Amino acid sequence: MTASPHLMTLRMLSGAFIGGIAVFTGIMVVVAPEVIVPEPWVLAVLLGLVAASTVLSLVMVGSVPAASQGDPVGSMLPKVQSVHILRLAVMEAPAILSVVLMFLAEEPSWVTVAITAVPTVLLMLWLVFPHEGVLRRYERALDAGGARTQFADKLLGRLA
């Protein structure tokens, strides 16, 4: 059982987005090394944005166009990949916004970015990184028109 090259592509894209968050969070530790917890309203806004982006990302799975019976993985992948990339971008947005808010603060601190980055990375690994559960969600969206694509099993190398 070997994962397909299509799955590896989705994983590399996901890893790049997730890794980007980790990299710019690390850079912020150097840029603004002070350990200052932001105002409560900033915390609420940032965590609210993480929650909203997570919900939006989950809803976006349903926007994957339905596949037809017998469609090869190569024709289903662009449908999934475009939504997948949008999901990654939506999930990453609060972390990027936290960098902006950090620089707008009177006393910039990397903690502002970390408060958003840590839950974002964890949620992206759980809900967006293409492991079997995420692939099954995409498969349900592809199968919404009545097809039985077996998308997840094909990408995971369980079927030819």
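All residue numbers refer to position in the chain's written sequence, counted from 1. pLDDT decides what is reported in this predicted model: residues at 70 or higher carry local features, side-chain atom pairs at 80 or more are listed and counted, and totals for whole chains, interfaces and linings draw on all residues regardless. Only hydrogens and water are set aside; all other atoms, that is, all heavy atoms of the structure, feed into the side-chain values.

Trainee: For the confidence of the model for the protein, give the residues involved together with the corresponding values.
Mentor: For the protein, per-residue confidence averages 94 on the pLDDT scale, and residues scoring 70 or more make up 99% of the total. Put simply, helix 6 (residues 151-155) is where the protein has its lowest mean pLDDT, 93, and helix 4 (residues 110-127) is where it has its highest, 97. By definition, pLDDT measures how confident the predictor is in each residue, and it falls between 0 and 100. Note on conventions: DSSP H or I runs of at least 4 residues are helices, E runs of at least 2 residues are strands, and numbering of each starts at the N terminus.

Trainee: Lay out helix 3 (residues 73-104) in plain terms, naming residues and giving numbers.
Mentor: Owing to its 3.6 residues per turn, the α-helix aligns residues three or four sequence positions apart on the same side. Relative to the 46 Å expected for 32 residues at 1.5 Å per residue, helix 3 spans 46 Å between its end C-alpha atoms, a close match to the ideal helical length. Most pronounced at A93, the bend in helix 3 amounts to some 35°, and the proline P94 follows within four residues. An expected span of 1.5 Å times one less than the residue number is assigned to each helix. Note on bend: at a given residue it equals the angle between the axes fitted to the 7 residues ending there and to the 7 starting there.

Trainee: Hey, could you go over the side chain of T120 for me, with residue numbers and the actual values?
Mentor: In this fold, T120 is placed in helix 4. Burial status follows relative accessibility: with a 1.4 Å probe on protein chains alone, a residue under 20% of its type maximum counts as buried, one over 50% as exposed, and anything between as partly exposed. Owing to a relative accessible area of 1%, T120 belongs among the buried residues under this scheme. Residue contacts are counted whenever heavy atoms from the two residues lie within 4.5 Å of one another. Setting aside anything within four residues of it in sequence, one finds T120 in contact with I21, V50 and M91.

Trainee: Got a sec to walk through the side chain of S98? Specific residues and values, please.
Mentor: As for its position among the elements, S98 is in helix 3. Look past the residues within four positions of S98 in its chain and what remains in contact with it is L46, T112, V113 and T116.

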